[in-house]
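# Coordinate inspection notes
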Amino acid sequence: MKVLITGATGLVGKEITKLCHQSNIDVNYLTTNKSKLKSDKNYRGYYWNPIAGEIDSNCLSEVEVIIHLAGATIAKRWTKKYKKEIIESRVNSTLLILDTLKNSKHSIRHIVSASAIGIYPDSFQKYYMENSTEQASGFLGEVVQKWEAANGEFNTLNIDVSLLRIGLVLSSNGGAFSKLARPIQLGVGAVFGTGKQWQSWIHIQDLARLFLFVIEEELTGVYNAVAPNPVSNDTLIRSIGEKMKKKILLPNIPKFAMQLILGEMHVLLFSSQRVCSDKSMKAGFQFTYENITQAIDDLI
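It should be emphasised that the depicted structure is a prediction, and the values quoted were computed from it without experimental measurement.

Ordered by their spatial adjacency, 8 strands build an open sheet running 4-3-2-1-5-6-8-12, and the pairing between neighbours is mixed. The open sheet is flanked by strand 4 (54–55) and strand 12 (221–225), the only strands paired with a single partner. In this sheet, strand 4 lies alongside strand 3 (residues 43–49) in antiparallel orientation, the contact comprising 2 bridges. Directly across from Asn49, in strand 4, lies its bridge partner Glu54. Its contacts with the sheet put helix 5 (residues 204–216) on strand 5 (65–68), strand 6 (110–116), strand 8 (160–166) and strand 12, and the angle it makes with strand 6 is roughly 145°.

Rendered as structure tokens:
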């Protein structure tokens, strides 16, 4: 089998690529950086520029499945201009692939796209499953709704669509976990707000395995890409501290302080989404890291 991956050189993309190669799956990938183009037997890069509407359609050669991860990071201050970039990087890249498929001979039968649990409203009480009709009204909710709607257009080409709503990705190679762990390691770690907000997380290895599981089992529809046991922010921070043998001594960081520093982006630290992973487990997926202690033990 051969897959095409967008965002293959990012944190999640690298892990999925590694797993593909372990499973004897060849990888074509799209990159906006020509210096990252490689041409190995099982890992071949192709240039694209979604902003300019440019793509090398040779990337589709012998490909059966597209893994779509591309999108501008949300971990950057949300100015009016950058918020537009966050949405367009997801929607425009998706529509560029769609238009390319409409105008090219191809063998694509399935697209598996990243999405995000940010589509669910902020809540301390609710437990969100994939069929929830409630959707967040803020910026993140808008991003995910437009992102998923664009991916839904592949159905018009008789291509199966799967959407993985990803939670907080825990990896020792970067991303949010490193940013959380660093101040704790320096002895200046602190809980955000009340600390009661739910953090629905997933170990990066389980996330990569879930992408391949969806492909191999030919699953379609929406799946929450989170571990079975969400934790509060307080539990997450203190679990990291315990593993590092560092006490969390500083007072909780108030919401207004982070709002002053980060602006609208502060919601990433304070929003609460308790998300259910039962659907993927009922389909047969088994998590290697089911609880936060297992995950942190592996990462630290």
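What follows continues from the structure just given.
Moving on to the pairing of strand 8. Among the 7 residues of strand 8, 6 are classified as buried, and the element is accordingly described as predominantly covered. Pairing of strand 6 with strand 8, which is carried by 7 bridges, proceeds in the parallel orientation. Counterpart to Val112 in the pairing with strand 8 is Ser162. Two strands pair when backbone bridges link them, and strand 8 and strand 12 are joined in this way by 5 bridges, in the parallel orientation. By the bridge assignment, Arg165 is partnered in strand 12 with Asn224.

Counting across every chain of the model gives 6 aromatic pairs. Relative to Tyr128, the ring of Tyr120 lies with its centre 5.0 Å away and its plane at 10°, an arrangement referred to as stacked. Ring pairs connect the aromatic residues Phe213, Phe285 and Phe287, which therefore count as one cluster. A cation over a ring is seen here: Lys34 above Tyr47, with NZ or CZ 4.8 Å from the ring centre. Over the aromatic face of Trp198 sits the side chain of Arg274, whose NZ or CZ is 4.9 Å from the ring centroid.

A few words now on helix 10 (residues 292–299). Of all the residues in helix 10, the buried ones are Ile292, Ala295, Ile296 and Leu299. Looking straight down helix 10, one finds its buried side chains confined to an arc of 95°; they lie on one side. Each element contacted by the buried residues of helix 10 is listed here: strand 9 (168–170), helix 4 (176–185), strand 11 (201–203), strand 13 (231–232) and helix 6 (233–244). Capping the start of helix 10, Asn291 holds a side-chain oxygen 3.2 Å from the backbone nitrogen of Thr293, two or three residues further along.

Relative orientation of the contacting elements helix 2 (residues 80–102) and helix 3 (residues 139–152) amounts to 10°, with a least axis distance of 8 Å. What the angle tells us is that helix 2 and helix 3 run roughly parallel. Residues Lys83, Ile86, Ile87, Arg90, Val91, Thr94 and Leu95 of helix 2 pack against Phe139, Glu142, Val143, Lys146, Trp147, Ala150 and Asn151 of helix 3. Broken down by class, the residue content of the contact of helix 2 with helix 3 amounts to 8 nonpolar, 2 polar and 4 charged.

With that settled, consider the state of the cysteines. The bond known as a disulfide is covalent and runs between the sulfur atoms of two cysteines. Taken as a whole, this structure holds 0 disulfides when the rule is applied. The thiol sulfur of Cys59 is not disulfide-bonded, and the nearest other cysteine sulfur, from Cys20, lies at 15 Å.

Assignment of secondary structure puts Trp48 in strand 3. Among the residues examined, Trp48 registers a relative accessible area of 3% and is labelled buried. A sequence separation of 15 residues divides Trp48 from Asn33, and the C-alpha atoms of the two residues are 8.4 Å apart. Excluding its chain neighbours within four sequence positions, the residues that come into contact with Trp48 are Thr6, Leu30, Thr31, Thr32, Glu54, Ile55, His68, Ala70, Ser93, Leu96 and Ile97.

Rules behind the numbers
Each chain carries its own residue numbering, running from 1 in the written order of its sequence. For a predicted model such as this one, the threshold for reporting local features is a pLDDT of at least 70, and the threshold for listing and counting side-chain atom pairs is 80 or more; totals across whole chains, interfaces and linings nevertheless cover every residue. Excluded from the side-chain calculation are hydrogens and water; included are all heavy atoms of the structure. At least two bridges found by DSSP between two strands is the condition for calling them paired. The helix count covers DSSP runs of H or I at least four residues long, the strand count covers runs of E at least two residues long, and both are numbered beginning at the N terminus. A contact between two residues is defined here by any heavy atoms of the two lying within 4.5 Å. Helix axes use the C-alpha atoms of the stretch in contact, all axes being lines fitted to C-alpha atoms, and the angles between their N-to-C directions lie in the range 0 to 180 degrees. The rule is simple: take the accessible area with a 1.4 Å probe, protein chains only, and divide by the maximum for that residue type; under 20% is buried, over 50% is exposed, in between is partly exposed. Note on ring pairs: Phe, Tyr and Trp rings are taken, using the six-membered ring of Trp, and paired if centres are within 6.5 Å. Classes follow the plane angle, with under 30 degrees stacked, over 60 edge-to-face and the rest tilted. Our definition puts a charge over a ring when NZ of Lys or CZ of Arg is within 6 Å of the ring centre and also within 35 degrees of the ring normal. Of all possible arcs, the one meant is that of the directions from the helix axis to the C-beta atoms. Polar contact criterion, stated in full: a pair of N or O atoms within 3.5 Å, where within protein one must be able to donate a hydrogen and the other to accept it, and residues adjacent in sequence count only if both atoms are side-chain atoms. Orientation labels follow simple angle bins: below 35 degrees gives roughly parallel, above 145 gives roughly antiparallel, 65 to 115 gives roughly perpendicular, and whatever is left gives oblique. Polar here means any residue other than Ala, Val, Leu, Ile, Met, Phe, Trp, Tyr, Cys and Pro, which are nonpolar, and Asp, Glu, Lys and Arg, which are charged; Gly is therefore polar. Here, the term disulfide refers to a pair of cysteine sulfur atoms separated by no more than 2.5 Å.

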